[in-house]
Amino acid sequence: MTKARDDYLLDLTASRRGYALNRLCGSLRDPENRRRFTEDEAAYCDAYGLSPEQKRAILGRDWTGMLELGGSIFYTYKLAMLDKKSMQYLGGVFTGMSVEEFTEAMRSGGRNFG
Amino acid sequence: MARVTWGLATSHVPSIGAAMDNHKTGDEYWKPLFDGYGPAREWMAQHKPDVAVIVYNDHANAIDLDMVPSFAVGTAATYDVADEGWGRRPVPPVVGAPELSEHLVRELIDAEFDITTCHRLDVDHGLTVPLSVYCREPGDAWPCAVVPVLVNVIQYPQPTAARCYRLGKALGQAIRSFPQDLNVAVFGTGGMSHQLAGARAGLINERFDRMFLEAIEHDPESLAALSREDYIREAGTEGIELIMWLVMRGAMSDKIARVHDTYHVPASNTAAALALFEDLGER
């Protein structure tokens, strides 16, 4: 799995790079699209014109990889929710913690960077 | 004429809405936050506005990356509650105030804020959670009409804090020049410090948050002077939502009184706060 950089900003370069991936994730707002995605994820990725790297990241649930490929957390979170994964789970993925460890870190006042 | 009666700054974390929707506000995890809301809710229930102007950001629900307006105003008669990917919140649809919207759009454009207008807008947690913070049990209908004011905070570069503060000033003037006898509340939503993605996910900066909570009342100019890079470094990539509190503050007069505030960590991955101010300027 990809190692996360400190900050991901959805600037215009990232938005251009991640356009297809974000558009796919955004389409999951529609219940019918959620059903179609779940039925055949690979075909759904192809229909949205994902690059091979983006498709791999989606199918493999490489959450950090998605960010590297221009994904925005507000879009990829919709895919996480389809998998019944929480924002604490994703926080754990980005920081190398289990969901329990990350949740406990938040309950202890969050992560302080000085 | 219409008047700004109070301003509410509040976080709009989805899980705060889910806690209310799923009746978990008494749980050990959530109780401190909701207890903290108590005095503000009581005061607001006794000072009901006719219209709430709610400054918020969409989170990939009504606005896609095809077109990203920096500032937009909802102009519809009603707004549906968005399905954000996991079903709609079980809350009433939002009733608009289209005449006020039209007046605000015209006044803001004349004040050289070139506003995007939205005739169709599904409102997401950024707007509905603050409404639930104001009114816990709306029943079949929210107790006030709403004008949504949208600020882009998810695509970089966001509007500057200074621009948001000036937008608030123009918004306040526009509200006060509306020729109907209306009490208007202005909501500034989002924040406080939080970062959802990347190696700094889980960032909380209580020192910055406490400074901001204090300065929003007496020294908003110092907050308006911070750069977007300052906000991202100190408050996190999503903590930059705090620039929307400056729109609320700008819309209020210089003479305000703090009714109540509260600060709690965490609401899921976020530092959650509420600050309620009465506008004394028109008395």
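All figures in this text were calculated on a predicted structure; none of them were measured in a lab.

Colleague: Just to check I follow, could you spell out the overall build of chain B for this structure?
Modeller: What chain B contains, in helices and strands, is nine helices and 10 strands. Radius of gyration (C-alpha) of chain B: 17 Å, near the 19 Å computed for a compact globule of 283 residues. When the backbone C-alpha atoms are referred to their principal axes, chain B occupies close to 45 × 45 × 40 Å. Residues classed as buried in chain B amount to 57% of the 283 residues present. Contacts spanning at least 24 positions in sequence make up 83% of the contacts within chain B whose residues lie at least 6 apart.

Colleague: What is the right way to read the domain arrangement of chain A from this model?
Modeller: Where interface size is given, it is often the accessible area lost as the parts come together that is meant. Residue and element names in this part refer to chain A. According to the domain assignment, chain A contains domain 1 (12-83) and domain 2 (84-114). Counting residues at the interface gives five residues for domain 1, matched by seven residues for domain 2. Of the residues in the side of domain 1 that touches domain 2, the class split is three nonpolar, one polar and one charged.

Colleague: How do you make sense of the confidence of the model for chain B when you look at a structure like this?
Modeller: Confidence along chain B averages 97 in pLDDT terms, with 99% of residues attaining 70 or more. For this predicted complex, the interface score ipTM comes out at 0.96, alongside a pTM of 0.98.

Colleague: Whenever I open this one, the nonpolar core confuses me. Can you help?
Modeller: The nonpolar side chains of a soluble globular protein tend to be buried with one another. Grouped together as the largest cluster of nonpolar side chains are 129 residues, with contacts concentrated most on V51, I243, M244 and V247 of chain B. Sort the elements by how many residues they give to this core and helix α5 (residues 161-176) of chain B lands first, with eight residues. Shared between two domains, this core holds at least three residues of each, these being domain 1 (12-83) and domain 2 (84-114) of chain A. Discounting chain neighbours no more than four positions away, the residues touching I243 of chain B are V151, V153, Q158, P159, A161, C164 and Y231 of chain B.

Colleague: Hey, could you run me through the pairing of strand β7 (residues 145-151) of chain B in this one?
Modeller: The side chains of a regular strand alternate, residue by residue, between the two faces of the sheet. Residues and elements named next belong to chain B. Counting buried residues along β7, seven of its seven residues qualify, which places the element largely inside the surrounding structure. Along β7, one buried face is formed by A145, V147, V149 and V151 and the opposite face, lined by V146, P148 and L150, is buried too. Where strand β3 (residues 71-74) and β7 come together, three bridges link them in antiparallel fashion. Across the sheet, residue V73 finds its bridge partner in β7, namely V149.

Colleague: Can you walk me through the sheet that holds strand β2 (residues 51-56) of chain B in this structure?
Modeller: In a beta sheet, neighbouring strands pair by backbone hydrogen bonds and run either parallel or antiparallel. Residue and element names in this part refer to chain B. Pairing is mixed in the open sheet, where eight strands are placed in the order β6-β3-β7-β2-β8-β1-β10-β9. With partners counted over all chains shown, the strands left at the sheet margins are β6 (116-118) and β9 (256-267), one partner each. Within the sheet, the average angular offset between the axes of one strand and its neighbour, ignoring direction, is 20°. Those strands touched by helix α4 (residues 125-134) are β1 (3-10), β2, β7, β8 (183-189) and β10 (270-279), and its axis lies near 135° from that of β2. Strand contacts of helix α9 (residues 243-251): β1, β2, β7 and β8, with the helix running at about 155° to β8, the strand carrying the most contacts.

Colleague: Help me out: how do you make sense of the pairing of β1 of chain B in this one?
Modeller: Residue and element names in this part refer to chain B. Of all eight residues making up β1, six are buried, and the element is well covered by its neighbours. Pairing of β1 with β10, which is carried by five bridges, proceeds in the antiparallel orientation. From the neighbouring strand, G7 faces β10, where its bridge partner is F277.

Colleague: Please clarify how helix α2 (residues 31-45) of chain B should be interpreted in this entry.
Modeller: Since one α-helical turn is 3.6 residues long, residues separated by three or four positions face the same way. Residue and element names in this part refer to chain B. For α2, which comprises 15 residues, the first-to-last C-alpha distance of 20 Å matches the rise-based estimate of 21 Å (1.5 Å per residue) to within 8%. At G38, α2 is deflected by roughly 40°, the largest bend along its length, and proline P39 occurs up to four residues later in sequence. Restricting attention to buried positions, one finds in α2 the residues L33, F34, Y37, A40 and M44. Those residues of α2 hidden inside the fold are in contact with α4, β9 and β10.

Colleague: What exactly am I supposed to notice about unusual backbone geometry here?
Modeller: With the exception of glycine, the majority of residues adopt a negative phi angle, and the majority of peptide bonds are in the trans configuration. Residues and elements named next belong to chain B. Here the amide bond leading from G191 into M192 is cis, since omega sits at -5°, within 30 degrees of zero. Following the sequence through the fold, M192 ends up in the loop between β8 and α6 (206-218). A cis geometry characterises the amide bond from V265 onward to P266, with omega recorded as -5°. Take P266: it is sitting in strand β9. Positive phi outside glycine occurs at A60, with the angle close to 60°. In this structure, A60 sits in the loop between β2 and β3. Phi at S268 takes a positive value of approximately 50°, unusual for a residue other than glycine. Position of S268 relative to the elements: it lies in the loop between β9 and β10.

Calculation rules
Within each chain, residue numbers correspond to sequence positions counted from 1 in written order. Chain labels run from A onward and ligand labels from 1 onward, assigned in the order the entries are written. Residues qualify for local features only when their pLDDT is at least 70, as the model is predicted, and side-chain atom pairs are given and counted only at 80 or more; totals for whole chains, interfaces and linings, by contrast, use all residues. Only runs of H or I of at least four residues qualify as helices and only runs of E of at least two qualify as strands under DSSP, and these elements are numbered from the N terminus. Here the globule rule is a power law, 2.2 Å times the number of residues to the power 0.38, and the radius of gyration is based on C-alpha atoms. Exposure classes come from backbone-placed C-beta atoms, where a residue is buried if 20 or more other C-beta atoms lie within 10 Å of its own, exposed if 12 or fewer do, and partly exposed in between. We call two residues in contact whenever the C-beta atoms placed from their backbones are within 7 Å. An automatic or database domain assignment is the source of the domain bounds shown. Ten residues, namely Ala, Val, Leu, Ile, Met, Phe, Trp, Tyr, Cys and Pro, are considered nonpolar, four, namely Asp, Glu, Lys and Arg, are considered charged, and the remaining ones, Gly among them, are considered polar. For every residue, the predictor reports its confidence as pLDDT, a number between 0 and 100. We call a set of buried Ala, Val, Leu, Ile, Met, Phe, Trp, Tyr and Cys residues a nonpolar core when their C-beta atoms link them within 7 Å. Pairing between strands is defined by DSSP: at least two bridges between them are needed. Lines fitted to C-alpha atoms define the axes here, with helix axes fitted over just the stretch in contact, and angles between the N-to-C directions of these axes take values from 0 to 180 degrees. Working rule for helices: expected span equals 1.5 Å times residues minus one. The angle between axes fitted to the seven-residue stretch ending at a residue and the seven-residue stretch beginning at it gives the bend at that residue.

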